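# Coordinate analysis (summary)
If you want the building blocks of each chain, they are given just below.
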Amino acid sequence: MENTKMKAIKIEHSCKVEDLVPRLVDKPTIKPGYVLINVKAFGVNESEVTSRKGESDGDFSYPRILGIEGTGVVAEVNDDSSFKVGQKVATMMGGLGRAIDGTYAEYTLVKEENVIPIETQLDWETVGALPEMLQTAYGSLNEGLQLKKDDVLLIRGGTSTVGLMAGVIAKDLGVTVIATSRNPKKIDTLKKYGVDYPLLDDQEFEKNVKKITPAGVDKVLELVGLDTLFQDMSFLKKGGYACFTGALGGKWTIDNFSPFMIPTGVYLTSYAGEASDLPADVFDSVLKKIEIHEISVPIAKAYHGLEEASLAQSDLESGKASGKRVVVL
């Protein structure tokens, strides 16, 4: 008889990190337009910590299996599916772990449109670190900033997972990268991932940016938030773009906003995209470059088994190490 149960971390209400304990729940049943994935690894994200604490936006509801991204193997498909059982895939966003059950589980049921086929021999730890981090970084640079070779890019919040991944992608494209950290101990991390100008975000920051590039920067990726956004736009050359993607500082809205706060001749955009913004061929090309050591993946630590998801969230909250935290099942 087929096993209809699986292990998952399902929470009924806001809770402490130590309450993230696996338990037996019903395994999802396939339905039209969906793919059932046997989860092999998932990255742990700030938004899941927020959801666990009960501080998420209205699109999140309890009870919920957490997890906004995952990688694994197709376990079951519909007859008309473009996917095959046994195929390696990645998934992220699309309400996963927020409006629908996510990836802190042995199996997850996902809309086909939010599933990306992948081909790789890399270990699940490496592959599992990528989906959300790569999609957000690539989407911000490509869709948001239209980044191109020889641009000068400023990444504000450079030691975040998206910041590090964006730096790696930009350098691979032939871009000059300036990236920031508020922690002097993390400047070496920026150097490790190839940032041309790692800068401490302190009182000398503005002077140091202007010393590096007196004519200004072409593009800004804003990951810190609204407290720094308008300063960052002041660094832009005429025709430059600033893309607001994240708010590590926690401030997502601004009171008494006026369009005249945007400097004349520069452009402000945002990015909050979906899986469809990361084409399968782009994902595969990144995987191939990782395989031949052309680019590196910023991983802080791997954890093993659902039982260690609580430790992964706890370590993420500590903020002690830069890079992605990955749970491998």
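Sequence order as written defines residue numbering, which begins from 1 separately in each chain. Restriction of local features to residues with pLDDT of at least 70 applies here, the model being predicted, together with a cutoff of 80 or more for giving and counting side-chain atom pairs; totals for whole chains, interfaces and linings are based on all residues. Only heavy atoms go into the side-chain values, all of them from the structure, while hydrogens and water stay out.

## Brief notes about the packing of aromatic side chains
Within 6.5 Å between ring centres, the rings of Phe, Tyr and Trp (the latter by its six-membered ring) count as paired, and their orientation is classed by plane angle as stacked under 30 degrees, edge-to-face over 60, tilted in between. Summed over all chains, the structure comprises five aromatic pairs. Centre to centre, the rings of phenylalanine 205 and phenylalanine 235 are 5.7 Å apart; their planes meet at 80°, and the pair counts as edge-to-face. Here phenylalanine 205 is found in helix H6 (residues 205-212), whereas its partner phenylalanine 235 is found in the loop between helix H7 (226-233) and strand S14 (236-244), with 30 residues between them in sequence. Residue phenylalanine 205 shares its accessibility class with phenylalanine 235, and that shared class is buried. Above the plane of the ring of tyrosine 107 lies lysine 27, whose end atom (NZ or CZ) is 4.4 Å from the centre. Working rule: Lys NZ or Arg CZ, within 6 Å of ring centre, within 35 degrees of ring normal, means a charge sits over the ring. Between lysine 31 and the ring centre of tyrosine 34, over which it is positioned, the NZ or CZ distance is 4.6 Å. Strands are runs of DSSP state E lasting at least two residues, helices are runs of H or I lasting at least four, and both sets are numbered from the N terminus onward. The buried label applies to any residue whose accessible area, calculated with a 1.4 Å probe on protein chains only, is under 20% of its type's maximum; exposed applies above 50%, and partly exposed to all values in between.

## Overview of the nonpolar core
Nine residue types can take part in a nonpolar core, namely buried Ala, Val, Leu, Ile, Met, Phe, Trp, Tyr and Cys, and a core is a set of them joined through side-chain atoms within 4.5 Å. Of all hydrophobic cores here, the largest spans 47 residues; its most connected members are Leu130, Leu141, Leu153 and Phe283. Elements with a contribution of two residues or more to this core: strand S7 (88-92), helix H3 (131-144), strand S10 (152-156), helix H4 (161-173), strand S11 (176-181), helix H5 (187-192), helix H8 (280-291) and strand S17 (324-328). Those residues in contact with leucine 130 that sit more than four places away from it in its chain are Glu69, Gln135, Met165, Phe283, Leu287, Ile290 and Val297. Ile9, Val25, Tyr104 and Val327 belong to the second largest nonpolar core, which has 23 residues in total. Any two residues whose heavy atoms approach within 4.5 Å at even a single point are treated as in contact.

## Side note on the pattern of salt bridges
Definition used for salt bridges: Asp or Glu carboxyl oxygen within 4 Å of a side-chain nitrogen of Lys or Arg. Tallied over the full model, the rule gives 21 salt bridges. Two residues, aspartate 151 and lysine 148, come together in a salt bridge whose shortest N-O distance is 3.5 Å. Across the pair lysine 301 and aspartate 315 runs a salt bridge whose closest N-O atoms are separated by 4.0 Å. Of this pair, lysine 301 sits in strand S16 (residues 299-304) while aspartate 315 sits in helix H9 (residues 309-318); the two residues are 14 residues apart in sequence, bridging distant segments of the chain. With a relative accessible area of 37%, lysine 301 lands in the partly exposed category. A residue is classified by how much of its surface remains accessible, and aspartate 315, at 19% relative accessible area, is buried.

## Section: unusual backbone geometry
The step from tyrosine 62 to proline 63 runs through a cis peptide bond, and the omega angle for that step is -10°. Positive phi, normally seen in glycine, also occurs at aspartate 150, with a value near 75°. With respect to the element layout, aspartate 150 can be found in the loop between H3 and S10. Assessed through its relative accessible area of 58%, aspartate 150 is described here as exposed. Despite not being glycine, asparagine 256 shows a phi value in the positive range, around 55°. Within the secondary structure, asparagine 256 sits in the loop between S14 and strand S15 (267-270).

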